[in-house]
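Architecture and fold: a report
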Amino acid sequence: MTTLRYIAHYPEQIQTQVGMLISNGRLGGYIEKSYPSQHQIQSDKALYQYINELKNQYMRKSGSLTQVSYNSKLKVLKDALGIHTFQSRVQGNKLKSHNSITVASLFKEAPPEFLRMIVVHELAHFKEKEHSKAFYQLCCHMEPDYHQFELDTRLWLQWREL
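A short tour of the structure in this document, coming up. (Residues numbered from 1 in each chain as written. Predicted model: local features only at pLDDT ≥ 70, side-chain atom pairs only at ≥ 80, totals over all residues. Heavy atoms only, no water.)

1. Quick word on the packing of aromatic side chains
Throughout the structure, instances matching the rule amount to six aromatic pairs. Relative to W156, the ring of F107 lies with its centre 5.5 Å away and its plane at 40°, an arrangement referred to as tilted. Remark: W156 occurs in helix α7 (residues 146–161) and F107 occurs in the loop between β3 (94–104) and α5 (112–127); sequence separation between them is 49 residues. Ring pairing ties together the aromatic residues Y35, F107, F114, F149 and W156, which thus form one cluster. (Phe/Tyr/Trp six-rings, centres within 6.5 Å; stacked < 30°, edge-to-face > 60°. Helix = DSSP H or I, 4+ residues; strand = E, 2+ residues; numbered from the N terminus.)

Structure follows, in structure tokens:
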């Protein structure tokens, strides 16, 4: 049986269901049926605009977004699906913040829901640094289907490896 490394922390029941989908050759069909389209956000500039619109819609009071990019060197399993960085520095009598988001470039080929899930996750880290209850509440505020999209993103990653 295939190692389900992307969903290893999920309950055994879900892992069993996914194992059955894989063994029956139906995982790809599930993904393609549920998420038939690919997003059109292919450049760093378009990604910046997309993320900035979401940030302005849900997190206007958080620090400004200074840098956004796709990165082909980002290893999905080791470094997660995206990376956020946050730096604060004193400039005169003001505290300036630097927020950036990097997304693995393989997500250029992903359905729009998966990109949105990653972006929402990284934006939530600007306000909540740890994966706490408040963090996931913020994710669900920005994307009500956050948990389903996260699971399906992991299934999509698993399917790509088959």
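Don't stop here, the text continues.
2. Overview of the pattern of salt bridges
Within this structure, the stated rule accounts for four salt bridges. With its nearest N and O atoms 2.9 Å apart, the salt bridge here joins E109 to R160. Remark: R160 occurs in helix α7 and E109 occurs in the loop between β3 and α5; sequence separation between them is 51 residues. With relative accessibility at 45%, the residue E109 sits in the partly exposed group. The closest approach of N and O atoms between E150 and R154, which form a salt bridge, is 3.5 Å. Note that E150 and R154 are positioned in helix α7 at a spacing of four residues, about one turn of the helix. (Salt bridge = Lys/Arg side-chain N within 4 Å of Asp/Glu carboxyl O. Buried < 20%, exposed > 50% of the residue type's maximum accessible area, 1.4 Å probe, protein only.)

3. Some thoughts on the state of the cysteines
Taken as a whole and assessed by the stated rule, the structure comprises zero disulfides. Looking at C139, it has no disulfide partner, and the nearest cysteine sulfur is the one in C140, 6.7 Å off. Look at C139 and you get buried, because its relative accessible area is 0%. (Disulfide = S-S within 2.5 Å.)

4. What about the packing of helix α3 (residues 44–58) against α5?
α5 packs onto α3 with a crossing angle of 60° between their chain directions and a minimal axis gap of 11 Å. On the basis of the axis angle, α3 is oblique to α5. The hand of the α3/α5 crossing is right-handed. Contacts between α3 and α5 pair L47, Y50, I51, L54, K55 and Y58 from the former with P112, L115, R116, V119 and L123 from the latter. Of the residues belonging to the contact of α3 with α5, the class tally is nine nonpolar, no polar and two charged. (Axes fitted to C-alpha atoms, helices over the stretch in contact; angles between N-to-C directions. Parallel < 35°, antiparallel > 145°, perpendicular 65-115°, else oblique. Left-handed = near helix turned anticlockwise from the far one by under 90°. Contact = heavy atoms within 4.5 Å. Nonpolar A, V, L, I, M, F, W, Y, C, P; charged D, E, K, R; others polar.)

5. Details of α5
A rise of 1.5 Å per residue sets the reference length of α5, with its 16 residues, at 22 Å; its end C-alpha atoms lie 23 Å apart and thus fit the reference within 8%. The buried count for α5 comes to 13 of 16 residues, which makes it a mostly enclosed element. (Expected span 1.5 Å × (residues − 1).)

6. Regarding the environment of Q57
Note that Q57 resides in helix α3. Along the chain, Q57 and M142 lie 85 residues apart, while their C-alpha atoms are 8.8 Å from each other. At 3.4 Å, the side chain of Q57 forms a polar contact with the side chain of Y58. (Polar contact = N/O pair within 3.5 Å; in protein donor to acceptor, adjacent residues only side chain to side chain.)

7. Comments concerning the nonpolar core
If you look at the biggest cluster of nonpolar residues, it comprises 43 residues, and the most contacted ones within it are L47, I51, V103, F107, L115 and L123. Of all the secondary structure elements, the ones that give two or more residues to this core are α1 (12–23), α2 (27–34), α3, β1 (65–71), β3, α5, α6 (133–142) and α7. Counting residues per element, this core draws most heavily on α5, at nine residues. Setting aside anything within four residues of it in sequence, one finds L115 in contact with H39, I41, L47, Y50, Y70 and V103. (Core = buried A, V, L, I, M, F, W, Y, C linked by side-chain atoms within 4.5 Å.)

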